[in-house]
Amino acid sequence: MPGEPLRAYISRFTIEAAKVKRLTKEGRLTAILGRIEHPGELWKDIKRLTVASMAEFLNRADGFIKLEEAVWRVDTVGQKKNQQHTSSVGTSAQNSIYHNSSNPNGKRSNNDNRQGDGKKGKFTGNTE
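This one's a predicted model, so the numbers in the text were calculated from it and none came from an experiment. (Residues numbered from 1 in each chain as written. Predicted model: local features only at pLDDT ≥ 70, side-chain atom pairs only at ≥ 80, totals over all residues. Heavy atoms only, no water.)

Undergrad: I keep staring at the overall build of the protein chain and nothing clicks. Help me out?
TA: Along the backbone of the protein chain there are four helices and zero strands. For the protein chain, buried positions account for 16% of its 128 residues. Of all intrachain contacts in the protein chain linking residues separated by at least 6 positions in sequence, the fraction that spans at least 24 positions is 39%. Only carbon and sulfur atoms are counted for the fraction: they give 55% of the accessible area of the protein chain, which is about 10800 Å². (Helix = DSSP H or I, 4+ residues; strand = E, 2+ residues; numbered from the N terminus. Buried < 20%, exposed > 50% of the residue type's maximum accessible area, 1.4 Å probe, protein only. Contact = heavy atoms within 4.5 Å. Areas by Shrake-Rupley, 256 points an atom, 1.4 Å probe, with all protein chains shown as cover.)

See the structure below:
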């Protein structure tokens, strides 16, 4: 399957191949090689250096599995750090803007707890 992790593909293939009666070693190798993602790194490696047996394929695939999983871990950790950084930046920015917005009784105020003259005016847009 496109995008499927290599370890999952090999595991699924092994289970399904075990169900097939009279599957030869060559047939098994041909079948697994036929579904390797084109032009993935493992596929390129196999085209460059041919594989003679299932054991050789699994040994070569193991290195690619480890690389694939290491890249996945780095990407996952990077995404988590980015999410934490984004949420903490937003929180600290909000806190710094509204740090004096509450009065002692817990109510929010938009005038830094100053008392107004009680008159309500109309905004005209003039700043003079």
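Undergrad: Looking at this model, I keep getting lost on the nonpolar core. Mind explaining?
TA: Among soluble globular proteins, nonpolar side chains are generally buried collectively. Judged by nonpolar contacts, the single largest core of 15 residues is most densely connected at Leu 6, Tyr 9, Ile 10, Ile 32, Leu 42 and Phe 57. For this core, the elements supplying multiple residues, two or more each, are helix H1 (6–18), helix H2 (25–34), helix H3 (41–48) and helix H4 (54–97). In terms of residue count, H1 provides more of this core than any other element does, five residues in total. Apart from residues no more than four positions distant in its own chain, Ile 32 is found in contact with Tyr 9, Ile 10, Phe 13, Met 54 and Phe 57. (Core = buried A, V, L, I, M, F, W, Y, C linked by side-chain atoms within 4.5 Å.)

Undergrad: What's the story with the pattern of salt bridges in this structure? I'm lost.
TA: For side chains bearing opposite charge, pairing can occur when the charged atoms are close. Taken as a whole, this structure holds eight salt bridges when the rule is applied. Taking the shortest distance from any N to any O, the salt bridge between Glu 16 and Lys 19 comes out at 3.3 Å. Among the ionic pairs, Asp 45 bridges to Arg 60, the shortest N-O distance being 2.8 Å. Within this pair, whereas Asp 45 is found in helix H3, its partner Arg 60 is found in helix H4, the two being separated by 15 residues in sequence. Across the pair, exposure class does not vary: Asp 45 and Arg 60 are buried alike. (Salt bridge = Lys/Arg side-chain N within 4 Å of Asp/Glu carboxyl O.)

Undergrad: I'm lost on the packing of aromatic side chains in this one. Help?
TA: Between two aromatic rings, the relevant description is the distance of the centres plus the angle of the planes. Counted according to the given criterion, the structure contains one aromatic pair. Pairing Tyr 9 with Phe 13 gives two aromatic rings, centres 6.3 Å apart and planes at 45°, and the pair type is tilted. Of this pair, Tyr 9 and Phe 13 both sit in helix H1, four residues apart, roughly one helical turn. For Phe 13, a relative accessible area of 13% gives the class buried. (Phe/Tyr/Trp six-rings, centres within 6.5 Å; stacked < 30°, edge-to-face > 60°.)

Undergrad: Whenever I open this one, the confidence of the model for the protein chain confuses me. Can you help?
TA: As a note on interpretation, predicted positions should not be read in detail where pLDDT is low. Averaged over every residue, the pLDDT of the protein chain is 76; the share at 70 or more is 62%. The element-level mean pLDDT for the protein chain is lowest in H4, coming to 76, with H1 highest at 93. (pLDDT = per-residue confidence, 0-100.)

Undergrad: Is there a simple way to explain the environment of Thr 24 in this structure?
TA: Tracing the backbone through its elements, the reader meets Thr 24 in the loop between H1 and H2. A distance of 2.9 Å separates the side chain of Thr 24 from the backbone nitrogen of Gly 27, its partner in a polar contact. (Polar contact = N/O pair within 3.5 Å; in protein donor to acceptor, adjacent residues only side chain to side chain.)

Undergrad: How should I be thinking about H3 in this particular structure?
TA: Owing to its 3.6 residues per turn, the α-helix brings residues three or four apart onto one side. Turning to H3, its buried residues are Leu 42, Asp 45 and Ile 46. Looking straight down H3, one finds that the buried residues subtend no more than 95° of arc, so they occupy a single side. Residues of H3 that are exposed and point more than 90 degrees away from the buried face comprise Lys 47 and Arg 48. (Arc of directions from axis to C-beta.)

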